[in-house]
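Remarks on the overall topology
Residue-level listing of the chains:
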Amino acid sequence: MKLDFSQKYAVRPLTAGDVDKILALCAENEQFYRYHPPLATRESVLEDMTALPPEKCAEDKHYLGFFDGETLVAVLDLIERYPKNDTAYIGFFMSKKERQGYGLGSTFIGELMDELRRERFRKVRLAVDRGNPQSKAFWEKNGFALMGEEFPHGDSAYLPMERAL
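Everything in this summary refers to the structure shown in the same document. (Residues numbered from 1 in each chain as written. Predicted model: local features only at pLDDT ≥ 70, side-chain atom pairs only at ≥ 80, totals over all residues. Heavy atoms only, no water.)

Thoughts on the pattern of salt bridges
Just so we agree on the cut-off: We define a salt bridge as a side-chain nitrogen of Lys or Arg found within 4 Å of a carboxyl oxygen belonging to Asp or Glu. Secondary structure elements are defined from DSSP: runs of H or I of at least 4 residues count as helices, runs of E of at least 2 residues count as strands, and each element is numbered from the N terminus. Exposure is judged per residue with a 1.4 Å probe applied to protein chains only, and the accessible area is read against the type maximum: over 50% gives exposed, under 20% gives buried, and values in between give partly exposed.
In total, this model carries 15 salt bridges according to the counting rule given. Here Arg42 ties to Asp20 by a salt bridge, and the two come within 2.4 Å at their closest N and O atoms. With Arg42 in helix H3 (residues 42–50) and Asp20 in helix H1 (residues 19–28), this residue pair connects regions lying 22 residues apart in the sequence. On the basis of relative accessible area, Asp20 is assigned to the exposed category, the value being 52%. Across the pair Arg118 and Glu115 runs a salt bridge whose closest N-O atoms are separated by 2.9 Å. Taken together, the positions of Arg118 and Glu115, both in helix H4 (residues 104–118) and three residues apart, correspond to about one turn of that helix.

Examining the pairing of strand S5 (residues 123–129)
Convention followed: Pairs of strands are assigned from DSSP output, requiring at least two bridges between the strands. By the criterion used throughout, a crossover qualifies as right-handed when its path from the first strand across the helix to the second strand runs clockwise, the strands pointing away from the viewer.
Sheet topology note: the strand S4 (residues 87–95)/S5 ladder contains three bridges and is parallel. Counted as the bridge partner of Tyr89 is Arg125 from S5. What joins S4 to S5 is H4, and the crossover it makes is right-handed. Pairing between S5 and strand S8 (residues 156–164): seven bridges, direction antiparallel. Bridged to Ala127 within S8 is Pro160.

Let's talk about the side chain of Asp18
Here is the rule: Here a residue-residue contact requires only that any non-hydrogen atoms of the pair lie within 4.5 Å.
Relative to the assigned elements, Asp18 resides in the loop between strand S1 (10–13) and H1. In this structure, Asp18 is in contact with Arg12, Pro13 and Phe67, ignoring residues within four places of it in sequence.

As for the packing of H1 against H3
Note the cut-off: Between N-to-C directions, angles span 0 to 180 degrees; the directions come from axes that are lines fitted to C-alpha atoms, helices contributing only their stretch in contact. Oblique is the label for any angle not covered by the other classes, which are roughly parallel (under 35 degrees), roughly antiparallel (over 145) and roughly perpendicular (65 to 115). Asp, Glu, Lys and Arg are counted as charged, while Ala, Val, Leu, Ile, Met, Phe, Trp, Tyr, Cys and Pro are counted as nonpolar; the rest, among them Gly, fall into the polar class.
Two numbers describe how H1 lies on H3: the axes approach to 10 Å, and their chain directions differ by 110°. Considering their axes alone, H1 and H3 lie roughly perpendicular with respect to each other. Across the interface between the two elements, Val19, Asp20, Ile22 and Leu23 of H1 pack against Arg42, Val45, Leu46 and Met49 of H3. Tallied by class, residues from the contact of H1 with H3 come to six nonpolar, no polar and two charged.

Brief notes about the nonpolar core
One broad trend across soluble globular proteins is that nonpolar side chains are buried collectively. Our working rule: What we call a nonpolar core is a set of buried Ala, Val, Leu, Ile, Met, Phe, Trp, Tyr and Cys residues that are connected through their side-chain atoms within 4.5 Å.
By size, the foremost hydrophobic cluster in this structure holds 27 residues, and its most contacted members are Phe66, Leu76, Ile90, Phe93, Trp139 and Phe144. Looking at this core, the elements with two or more residues in it are strand S2 (61–68), strand S3 (71–79), S4, H4, S5, helix H5 (133–141) and S8. Top contributing element to this core by residue count: H4, with six residues. Aside from chain neighbours lying at most four places away, what touches Trp139 is Ile90, Phe93, Ile109, Leu126, Val128, Phe144 and Met161. Ranked by size, the runner-up nonpolar core spans 15 residues in total, among them Leu14, Cys26, Val75 and Met94.

Here's what the structure looks like:
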């Protein structure tokens, strides 16, 4: 998969050296963490960078940053071929708060969908936190629909969503 798929922003794998930038971006997004506690920590970000579902390997995971110069404007956690070979899974996507509402996130997701289509994926899946209207509306606007049963997560639940490519 071509990782630098954005027309306007530089896309590259994030590393431990980027943790402070990731934490700053996460800290701006209070609404997300209202529905998905606790707040991100250095340890949780480092763990997320390498977390894999069962039977997946590091080559299938892409923890990517979108950069405008030196500024991290979005983070994407993508797993290829999960849960099926024709499916990509978005584990996390967050954009810089000051740039939300201007189409930036939708542009990134559109570019990602184009790249996944070129790579012959047929579906993209993800899950949103139950009760988070901002996340649900964003993903619906980008062509995702609720599908399947919600599954428990702490005191709440995740709502699975899917989009055909």
